[in-house]
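Close look at the chain arrangement
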Amino acid sequence: MNNTINLVVDGRPIQGRPGQSILEAAQAAGIWIPRLCYSKGLVPHGSCRLCTVYVNGRPQSACTQPVAEGMFVEANSQRLLELRRDLVEMLLIDGNHFCMFCEKSGSCELQALAYRFGITAPRYPYLWPQRELDASHPDIFIDRNRCILCARCVRASRDVDGKHVFGFYGRGPGKRVAVNAHVRLADTDAAVTDKALEVCPVGALVPKHQGFTVPIGQRPFDQRPIGSDTQPEKAPKTR
Amino acid sequence: MGESVGDFVRRVSHELGRNRSRLLELARAVQERYRYVSPEAMDAMARSMGVPRVEVEGLVSFYAFLSDRPQGRIVIRLSDNVIDEMKGAARVGAAFQEALGIGFGQTTADGLFTLEWTPCIGMSDQAPAALINHVVATQLSSDSARRIVEILRQDGSPEKVVRAFGFGDGNNGHDLVRAMVHNNIRQPGRVIFGHMAPGEALSKALAMSPVEVIRDVKTARLRGRGGAGFPTGMKWDFTRAAEGQRRYVICNADEGEPGTFKDRVILTERPDLMIEGMTIAAYAVGAEMGIIYLRAEYAYLRAFLEHVLEGRRRQGLLGRDIAGKKGFHFDIRIQLGAGAYVCGEETALISSCEGDRGDPKDRPPFPTDKGLLSHPTTVNNVETLCCVARILEHGPGWFSEEGSSQSAGPKLLSISGDCARPGVYEVPFGITLAEVLRLCGAEDAAAVQVGGPSGQMVGREGFGRRICYEDLSTGGAVMVFDGSRDVLWIVNKFLDFFIEESCGYCTPCRVGNVLMRERVQRIRAGRGEPSDLDYLRRLAQTVKTASRCGLGQTSPNPVLTTLDNFRGVYQSRVQQPTDGRRPAFDLEAALVEARAATGARPAVTPG
């Protein structure tokens with residue numbers, strides 16, 4: 001039985017395995033496809049849409065689309081860069097993001113993507129949504145202002161921690177991350193050691209009692225742009 | 001009230017077999033009985049169904065007809081579709097507010113009434129319309145709104161309202177329906193509304209092999225009537241060929257596209273035909289279980305549909321060894337929705353049938369491979385299933401006699417708006433828009449929205465276009481607008497709708513629709529600039545390309561098709577910055593806060 005699937009990504013022939021997503025196969029071949037809701041080891045969610053690629057001309061999310069023999073994938077073209085910029089800018093104004101005093105700055109994947117895409121200021125008007133904070137838990141703080149609804153915490157808590165601490169409330173622009181209790185995180189069995197906290201790509205779930213243990217300037221994305229491990233950044237394109 | 005919330009939840013959970021996929025029904029039962037799903041009810045639901053509480057809360061907060069705050073004993077939901085507003089919904093709303101002494105989204109102090117806006121309830125041909133609990137009130141005026149409140153205050157029963165206003169035609173007067181709804185069948189055709197003898201199509205189908213049945217449906221070139229137009233026979237082939245121990249047939253009766261109501265008329269007048277088609281589908285794909293997913297707004301038809309199902313069971317047309325065919329077992333249950341347009345999308349509909357939030361699912365896997373509870377599932381529209389029964393009864397040739405090259409057979413249209421004869425029309429596919437407008441008496445139409453908000457807005461120069469999959473593809477909604485209507489207001493209303501109904505799962509749809517509306521509103525307020533047209537187009541394109549499901553992939557259509565077909569309207573409403581001050585900048589608004597702080601008054605009176 002042949003276990004290799006041949007596909008072409010941005011003109012380069014690469015190989016994938018049955019069941020592998022386009023995103024993973026590209027990653028293994030040294031091609032980085034931007035992503036936010038995807039987190040290695042978690043069931044793909046396909047919600048941020050940053051990993052949108054064209055598969056034989058049709059847009060698909062690379063994290064959910066399995067590889068297939070003979071696929072032609074357009075993964076990192078100019079038009080997709082423009083699309084991803086739009087999506088990152090949408091996320092930046094959909095919440096209330098203040099990088100300058102966010103504990104996550106420099107480790108935040110949303111911020112890092114904005115930098116890698118050369119976004120300096122969003123073109124979209126700020127929406128300034130009203131979002132709830134939850135400081136009830138002794139060790140964990142939820143700041144929904146920074147939440148991008150990627151569901152990493154939902155999946156990690158359910159599938160890795162085996163707890164179901166997180167879920168979603170509401171729909172549309174009013175959708176929020178919810179906790180497995182009436183209102184308060186303190187009334188759940190969440191623990192600061194949960195995988196759910198570790199995987200948060202932004203500063204929405206943060207541990208209490210510690211701050212700026214790694215100084216600004218020495219954090220991962222202060223050092224190297226996001227995605228550099230897979231594929232170093234080309235010259236930044238600015239508008 | 002001897003029974004506590006906990007006891008009630010436990011009892012109903014037990015009746016539902018503590019089956020997690022029936023969680024939505026449990027939530028509906030709690031809502032019905034207590035007028036809301038309280039935090040303690042959620043605790044009890046989580047415990048007795050064995051699901052995390054956060055999933056219960058997620059479900060309750062997703063559906064518009066479920067509430068986590070106490071609602072009145074009578075909930076009045078006034079439809080705010082474009083057509084309702086054109087026919088005076090605002091005046092009706094004002095009358096309701098005045099008579100009840102509350103605003104929209106509020107509940108009276110005595111806990112008797114809640115007043116809400118709701119998206120299209122499938123009554124655009126008799127707008128303005130409202131739901132009073134499950135009861136439909138149509139052709140409302142401010143007078144009738146006041147009278148309704150009077151009756152409800154005296155008696156407290158929405159049914160009394162219907163008695164006061166009288167029943168509609170046909171089965172709307174049936175003992176189990178008793179609705180003031182009218183069918184308005186303006187042009188009955190031979191296929192959907194022709195004479196039908198229950199069991200005839202089925203017995204012809206059962207004389208063939210399932211593969212032959214599928215072949216006939218393919219030969220007839222039947223495509224899905226919900227709007228997407230996927231070939232029905234191919235869908236059945238996939239479902240039949242997929243590996244699985246069980247298969248399902250789901251009838252999508254979640255007709256939610258604003259301006260559409262033809263399925264409501266089928267459900268009222270031709271339920272036998274639809275169920276017959278569904279039974280044939282089950283035979284073709286090898287399913288033993290079927291679900292009719294009925295939108296919450298049509299709950300008033302439920303008892304009647306149950307009665308029709310029961311009648312067919314008695315006649316041996318449902319159940320075991322159907323119509324004497326050994327080994328062919330199939331039965332159907334009705335699943336009520338709870339107010340979510342996105343559930344008309346087939347994967348979201350399946351999520352809802354599984355007792356979850358109506359989030360769409362990733363494809364692949366497709367429902368035909370892994371659908372309901374991961375079993376192969378075919379989801380077909382109400383009208384499609386009616387066509388199936390006719391194809392088997394009269395043969396594929398008879399069916400495809402009418403229609404165009406890629407769109408065989410007839411199509412039901414739901415026509416509403418500025419026309420003399422709103423209602424349901426059976427027309428051959430390929431008919432021109434001009435012909436449709438002549439039929440419904442809309443000679444002075446200036447714009448027509450074909451396919452509802454997710455479809456296309458066509459101007460006069462496009463009235464020669466044809467209704468068919470190869471040109472103007474539609475699930476059947478045709479909204480007519482005369483020259484007095486503001487196209488940008490309509491676009492704004494459609495975006496309101498999509499924002500209200502987006503599930504919020506993916507970024508472009510959750511955020512992009514809000515951004516498009518912001519810019520359309522800015523242009524409507526006279527603060528638009530020429531560059532806003534390109535801004536809107538790019539935004540619309542991003543939402544269309546990147547969205548995860550059909551909702552977001554089509555929600556930019558009102559913007560895109562009006563930018564194409566009504567560009568002049570936009571251009572006349574934007575202005576080039578001249579004196580260095582950008583029209584987009586609202587000086588007065590920017591000064592509000594500072595003025596409030598300092599107590600200063602405007603130096604110049606605006607306007």
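Just so it is clear, the structure is predicted and the values come from calculations on it, not from any experiment. Sequence order sets the numbering: in each chain, residues are counted from 1 along the sequence as written. Throughout, the order in which chains and ligands are written sets their labels, letters from A for the former and numbers from 1 for the latter. Restriction of local features to residues with pLDDT of at least 70 applies here, the model being predicted, together with a cutoff of 80 or more for giving and counting side-chain atom pairs; totals for whole chains, interfaces and linings are based on all residues. Excluding hydrogens and water, the side-chain figures rest on all heavy atoms present in the structure.

**A few points about the packing of helix α7 (residues 142-155) of chain B against helix α8 (residues 158-165) of chain B**
All names here are of chain B. Interaxial distance between α7 and α8 falls to 9 Å at its minimum, and their mutual angle equals 130 degrees. What the angle tells us is that α7 and α8 run oblique. Two packed elements cross with a definite hand, and for α7 against α8 that hand is right-handed. Contacts between α7 and α8 pair Ser144, Arg147, Ile148, Ile151, Leu152 and Asp155 from the former with Pro158, Lys160, Val161, Ala164 and Phe165 from the latter. Taken together, the residues of the contact of α7 with α8 break down into seven nonpolar, one polar and three charged. A fitted line through C-alpha atoms represents every axis, and for helices the fit uses only the stretch in contact; the resulting angles, taken between N-to-C directions, go from 0 to 180 degrees. Secondary structure elements are taken from DSSP: a helix is a run of H or I of four residues or more, a strand is a run of E of two residues or more, and numbering for both begins at the N terminus. Here is the rule for angles: anything less than 35 degrees is roughly parallel, anything more than 145 is roughly antiparallel, 65 through 115 is roughly perpendicular, and the remaining ranges are oblique. It is the rotation of the near helix from the far one that decides the hand of a crossing: anticlockwise by less than a right angle makes it left-handed, clockwise makes it right-handed. Two residues qualify as a contact provided that any one of their heavy atoms is within 4.5 Å of a heavy atom in the partner residue. Residue polarity is assigned by list, with Asp, Glu, Lys and Arg as charged and Ala, Val, Leu, Ile, Met, Phe, Trp, Tyr, Cys and Pro as nonpolar; anything else, Gly included, falls into the polar class.

**Focus on the interface of chain B and chain A**
In this assembly, 44 residues from chain B lie in contact with 41 residues from chain A. Summed over both partners, the interface of chain B with chain A comes to about 3400 Å²; 56% of that surface belongs to carbon and sulfur atoms. The largest share of the area that chain B buries against chain A comes from Val54, Arg510 and Arg538 of chain B, three residues that together contribute 18% of it. One speaks of a salt bridge when a side-chain nitrogen belonging to Lys or Arg is within 4 Å of a carboxyl oxygen belonging to Asp or Glu. Applying the counting criterion to the chain B and chain A interface returns four salt bridges. Asp94 of chain A is the partner of Arg510 of chain B in a salt bridge, and the nearest nitrogen-oxygen pair spans 3.2 Å. Defined here as a combined quantity, buried area equals the accessible surface (1.4 Å probe) lost by two parts on assembly, summed across both.

**Some words on the domain arrangement of chain B**
Residues and elements named next belong to chain B. By domain assignment, chain B separates into domain 1 (5-62), domain 2 (74-166), domain 3 (186-399), domain 4 (410-481) and domain 5 (487-576 + 586-598). When each unit is reduced to the centre of its C-alpha atoms, the spacing between domain 1 and domain 3 is 28 Å. Listed as interface residues are eleven residues of domain 1 and, on the opposing side, 18 residues of domain 3. Of the roughly 1100 Å² buried at the junction of domain 1 and domain 3 (both faces included), carbon and sulfur atoms supply 53%. Counting the surface domain 1 buries against domain 3, the share from its top three residues, Leu24, Arg28 and Phe62, is 53%. Counting across the interface, domain 1 meets domain 3 through two salt bridges. For Arg333, the salt bridge goes to Glu25, with nearest N and O atoms at 3.6 Å. Within 3.5 Å is the distance limit for a polar contact, defined as a pair of N or O atoms, with the added protein rule that one can donate a hydrogen and the other accept it, and that residues adjacent in sequence qualify only through two side-chain atoms. Counting across the domain 1 and domain 3 interface gives five residue pairs in polar contact (both at pLDDT 80 or more). Among the secondary structure elements, those contributing two or more residues to the side of domain 1 that touches domain 3 are α2 (23-34) and α4 (53-62). Classifying every residue of the side of domain 1 that touches domain 3 by side-chain character gives four nonpolar, three polar and four charged. The start and end points of each domain follow an automatic or database-based domain assignment.

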